[in-house]
Amino acid sequence: MNRRTLLAAGVALAMIPAAAMAHGPTRQKITVTTEVAAEPAEVWAAIGDFQDLTWHPAVVSQSGEGGNEIDATRTLYLSDQGAEGPMIAEVLYKYSDEKMSYSYRITEVAVEVLPVTNYSSHLTVMPRDGGGSVVEWRGAFYRGYPNNDPPEELNDEAAVAAVTGVYEAGLQALVERFGEPSS
C-alpha cells in the first residue's frame, strides 16, 4: 500500500464513529387504548366524524371542509383566541365507516403547541369481548427538532410525552362520557 492509500484508509476509519453518531431523528410510534361501556356503533357515532373533534377536551372549536371524504381538512383551535391562538391543521387520508376507523396527518402545527413533525394518526373503534368497545388511537411522528442534539422540549421524549398526553386526555373524556365496562 502506498502512503496516500494508507492515509485515506486511516481517515475513513477514524470517521466511522462520527458517522454512526451523526444520525437524525427516528420515527416514534405510540398506541394508546381504552375500554368503554358503550357499544362500538354508539362510540363511533360520537367520534367518527372527522369534522367533529370537539369531544376532545383540548379542542375549543374547529372548522373544516370535505366531511369524511379523502383530503377533507379540519383546523382545531385549542383556545378561545381562534386563529390567533394555538391551532392544528389536519387532512384526512383514509376513512372507513364500516371498519369504524379513520387516518389523518397534521399539515400545520407550531412545535410549541405539539413538538412533532411528519405526524400521522389512526383512530379506531372495535368491539370489546364481553360487551362495550375498545378505542385505539395510534400515531407515528418525528420529534419537533429534525437535527441532531435537539433541545429538551423538542426531543424524542418530549414528542412522545406530548402525543401520549393528547391521546390519553381524549380517551379519558370518552371513559367519562360512556363509562367503564363492567368486568
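Note that the structure is predicted; figures quoted are calculated from it, not measured. Every chain is numbered independently, its residues counted from 1 as its sequence is written. Per-residue local features are limited, in this predicted model, to residues with pLDDT of at least 70; the limit for side-chain atom pairs, both in listing and counting, is 80 or more; totals at the level of whole chains, interfaces and linings are taken over all residues. The side-chain quantities take in all heavy atoms of the structure and omit both hydrogens and water.

Explain the overall build of the chain to me, using residue names and the numbers behind them.
Strands here mean DSSP runs of E at least two residues long; helices mean DSSP runs of H or I at least four residues long; both are numbered from the N terminus. From N to C terminus, the chain includes three helices and seven strands. Along its sequence from the N terminus, the chain presents helices and strands in the succession α-β-α-β-β-β-β-β-β-α. Summary of the burial criterion: residues with accessible area below 20% of their type's maximum are buried, those above 50% are exposed, and those between are partly exposed, where the area comes from a 1.4 Å probe applied to protein chains only. Every one of the 183 residues in the chain was classed for burial, and the buried ones make up 42%. In this description, contact between two residues means that some pair of their heavy atoms is separated by no more than 4.5 Å. Relative to all contacts within the chain whose residues are 6 or more apart in sequence, the contacts with residues 24 or more apart total 53%. Areas reported here follow the Shrake-Rupley algorithm with a probe of radius 1.4 Å; residue values treat only the protein chains shown as occluding. Carbon together with sulfur atoms contributes 52% to the accessible area of the chain, which is approximately 10400 Å² in total.

So what's going on with the sheet that holds strand 6 (residues 116-127)? Which residues, and what values?
Within a sheet, each strand pairs with its neighbour through backbone hydrogen bonds, oriented either parallel or antiparallel. Any two strands are treated as partners once DSSP identifies two or more bridges connecting them. Pairing is antiparallel across the open sheet formed by seven strands, whose spatial order is 1-7-6-5-4-3-2. The sheet terminates laterally at strand 1 (28-36) and strand 2 (61-65), the two strands that pair on one side only. Each strand axis lies, on average, 20 degrees off the axis of its neighbour in the sheet, ignoring direction. Summarising the sheet, strand 5 (residues 101-109) and strand 6 pair through five bridges and their orientation is antiparallel. Residue pairing across strands places Arg105 opposite Ser120, the latter belonging to strand 6. Each of strand 1, strand 4 (87-96), strand 5, strand 6 and strand 7 (133-143) is contacted by helix 2 (residues 40-47), which is oriented at about 145 degrees to strand 6, the strand it contacts most. Throughout, an axis means a line fitted to C-alpha atoms (over the contacting stretch in the case of helices), and angles, computed between N-to-C directions, take values from 0 to 180 degrees. Set on the sheet, helix 3 (residues 156-178) makes contact with strand 1, strand 6 and strand 7; between it and strand 1 the angle comes to about 15 degrees.

Run through the layout of surface pockets, naming residues and quoting values.
The pocket and cavity definitions rest on a 1 Å grid over protein atoms only: a 1.4 Å probe that fits but cannot leave marks a cavity, an open set with protein on both sides within 12 Å along at least five of seven lines marks a pocket, and residues lining either have an atom within 4 Å of a point. Grid points are joined across faces, edges and corners, and a volume is the space filled by probe spheres set on the points. Empty space within the largest pocket amounts to approximately 240 Å³. Together, 17 residues line the largest pocket, and His56, Leu78, Ile88, Leu114 and Val166 are the ones closest to its centre. Of the residues forming the lining of the largest pocket, the biggest block, three residues, is contributed by helix 3. Only Asp, Glu, Lys and Arg are considered charged, only Ala, Val, Leu, Ile, Met, Phe, Trp, Tyr, Cys and Pro nonpolar, and every remaining residue, Gly among them, polar. Looking at the lining of the largest pocket residue by residue, the class counts come to 15 nonpolar, one polar and one charged.

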